[in-house]
Amino acid sequence: MIIISGNHDYRNTGYLLFKKFFPFETVNELDDDIVLVTVGTARPDRNVGEVGYRQNLWLERTMKKYKDKVKIVAMHHHLIAIPDTGSDQLTVVDAGDVLRIVLDTKVDVVLCGHKHRPWAWNFGKLTVVNAGTATSERVRGLFENTYNILTISEKKVHVELKIVGGKRLPINEIVSNYSQFEAE
Ligand SMILES: [Fe+2]
């Protein structure tokens, strides 16, 4: 289990307790072919996400070490704004620096959350995948509780959306069937 902190976890001195109760590694070699790196975007008593200059430098150095692996970066906040979430000032504030690094170091997938709205942005090799919420009643856009399932085989990543208690479908169908999905 790999756990990353969200903005609510860091509120009211939660940032002091989080590491104690949820110890985690930032670099996780899942097997010989896959590495998952986490970056902390939560800041105490702020809702907005930030990676920060030093962590960005670290991310660039770290990802450059893993040339031939499937590379996944996980963060709480959404790197790119998402449809159906209105005026958005809560994306990672230094998203441009992070996007440049993940594209330059050929990251395969960036996993994000925060907005409770499942979505995927495709940039050629890179996919930025947003999870919905599995448990909260504060759903958006897609009014179901969902989580994402990633299957990795032969260095290809396949992302599926699982509706809690319901069907499982490629997350790209949420994007390509947008209006159709909304009409259902
Ligand atoms: Fe959040």
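Since the structure is predicted, the reported quantities are computational estimates derived from the model, not experimental observations. Counting from 1, residues in each chain are numbered in the order their sequence is written. Note on the predicted model: pLDDT of at least 70 is required for a residue's local features to be given, and 80 or more for side-chain atom pairs to be given and counted; whole-chain, interface and lining totals, by contrast, use all residues. Only hydrogens and water are removed before side-chain values are computed, so all heavy atoms of the structure are retained for them.

Colleague: How do you make sense of the pattern of salt bridges when you look at a structure like this?
Modeller: Two side chains carrying opposite charge are able to pair once their charged atoms lie near each other. Should a side-chain nitrogen of Lys or Arg be within 4 Å of a carboxyl oxygen of Asp or Glu, the pair is scored as a salt bridge. Taken as a whole and judged by the stated rule, the model has nine salt bridges. A salt bridge links E50 to R43; the nearest nitrogen and oxygen atoms lie 3.9 Å apart. Residue exposure (1.4 Å probe, protein chains only): buried if accessible area is under 20% of the type maximum, exposed if over 50%, otherwise partly exposed. Given a relative accessible area of 23%, E50 falls into the partly exposed group. For E60, the salt bridge is made with R100, and the minimal N-O distance between the two is 3.1 Å.

Colleague: Even after reading the chapter, I still don't get the packing of helix α2 (residues 53-65) against helix α3 (residues 95-104), so can you show me in this structure?
Modeller: Packed helices, taken two at a time, are described by the angle their axes make and the gap between the axes. Viewed as axis vectors pointing N to C, α2 and α3 meet at an angle of 5°, and their least axial separation amounts to 10 Å. On the basis of their axis angle, the class for α2 and α3 is roughly parallel. Across from N56, L59, E60 and K64 in α2, the residues of α3 making contact are D97, V98, R100, I101, V102 and D104. Its residues assigned to classes, the contact of α2 with α3 shows four nonpolar, one polar and five charged. Note on geometry: axes are C-alpha line fits, over the in-contact stretch for helices, and angles between N-to-C directions span 0 to 180 degrees. Secondary structure elements follow DSSP: runs of H or I of four or more residues count as helices, runs of E of two or more count as strands, with numbering from the N terminus. Oblique is the label for every angle not falling under 35 degrees (roughly parallel), over 145 degrees (roughly antiparallel), or within 65 to 115 degrees (roughly perpendicular). Here, residues are in contact when the closest pair of their heavy atoms is within 4.5 Å. Classification convention: Asp, Glu, Lys, Arg as charged; Ala, Val, Leu, Ile, Met, Phe, Trp, Tyr, Cys, Pro as nonpolar; all other residues, Gly among them, as polar.

Colleague: What is the right way to look at the nonpolar core in this model?
Modeller: Burial of nonpolar side chains together is a common tendency in soluble globular proteins. Residues belong to a common nonpolar core when they are buried Ala, Val, Leu, Ile, Met, Phe, Trp, Tyr or Cys residues joined through side-chain atoms within 4.5 Å. With 21 residues, the main nonpolar core has L59, V73, M75, L79, V98, V102 and V110 as its most contacted residues. Counting residues per element, the ones that place at least two in this core are β2 (34-38), α2, α3, β4 (109-112) and β6 (126-130). Sort the elements by how many residues they give to this core and α3 lands first, with four residues. If sequence neighbours within four positions are ignored, V102 has contacts with L59, V73, V107, V110 and L126.

Colleague: Would you mind showing me how to read the coordination of the iron ion here?
Modeller: Coordination angles at a metal have ideal targets, namely 109.5 degrees for four tetrahedral donors and 90 or 180 degrees for six octahedral donors. Donor atoms are limited to N, O and S found within 2.8 Å of the metal ion, a distance that becomes 3.2 Å for Na, K and Ca. With water left out, some sites might look partial. Around the iron ion, the protein contributes the donor atoms N7 (OD1), H76 (NE2) and H114 (ND1), at 2.1 Å from the metal centre. Each donor residue of the iron ion belongs to the same chain, with the gaps between them written as N-x68-H-x37-H. Highlighted residues: N7 in the segment before α1 (14-21) and H76 in the loop between β3 (70-74) and α3, separated in sequence by 69 residues. For the pair N7 and H76, one class covers both residues: buried.

Colleague: Just to check I follow, could you spell out the pairing of β3 for this structure?
Modeller: The side chains of a regular strand alternate between the sheet's two faces. A large share of β3 lies buried, amounting to five of its five residues. Across the two faces of β3 the burial is the same, with V70, I72 and A74 and K71 and V73 all buried. Two elements, β2 and β3, share five bridges in a ladder whose sense is parallel. Directly across from L36, in β3, lies its bridge partner I72. Each parallel crossover has a hand, and the one from β2 via α2 to β3 is right-handed. Strands are labelled as partners when DSSP assigns at least two bridges between them. When the strands point away from the viewer, a crossover counts as right-handed if the path from the first strand over the helix to the second runs clockwise.

Colleague: How should the side chain of T127 be read in this particular structure?
Modeller: Assignment of secondary structure puts T127 in strand β6. Judged by relative accessible area, which is 16%, T127 ranks as buried. Ignoring anything within four residues of it in the chain, the contact list for T127 reads D108, V109, V110, A120, W121 and N122.

Colleague: Looking at this structure, how should I read the sheet that holds strand β8 (residues 156-163)?
Modeller: Backbone hydrogen bonds hold the strands of a sheet together, and the pairing may be parallel or antiparallel. What the three strands build is an open sheet, ordered β7-β8-β9; its pairing is antiparallel. Two strands in the sheet have a free side with no partner beyond their single neighbour: β7 (146-153) and β9 (168-170). Taking each pair of neighbouring strands and ignoring which way they run, the sheet shows an average axis angle of 30°. Bridge count between β7 and β8: eight bridges; the pairing is antiparallel. Bridged to Y147 within β8 is K162.

Colleague: Hey, could you run me through the packing of aromatic side chains in this one?
Modeller: Each pair of aromatic rings is reported with the distance of its centres and the angle of its planes. Only centres within 6.5 Å qualify two rings of Phe, Tyr or Trp (six-membered ring in Trp) as a pair; their planes then separate them into stacked at under 30 degrees, edge-to-face at over 60, and tilted for everything else. Applying the stated rule across the entire model yields six aromatic pairs. Ring plane angle 70° and centroid distance 6.2 Å describe the contact between Y10 and F18, whose orientation is recorded as edge-to-face. Summarising the aromatic geometry, the rings of F18 and F24 are spaced 6.3 Å apart at their centres and angled 65° between planes, so their arrangement reads as edge-to-face. Under the relative-accessibility criterion, F24 is labelled partly exposed at 31%. Pairwise contacts between aromatic rings join Y10, Y15, F18, F22 and F24 into one cluster.

These values are about where atoms sit, not about what they do.
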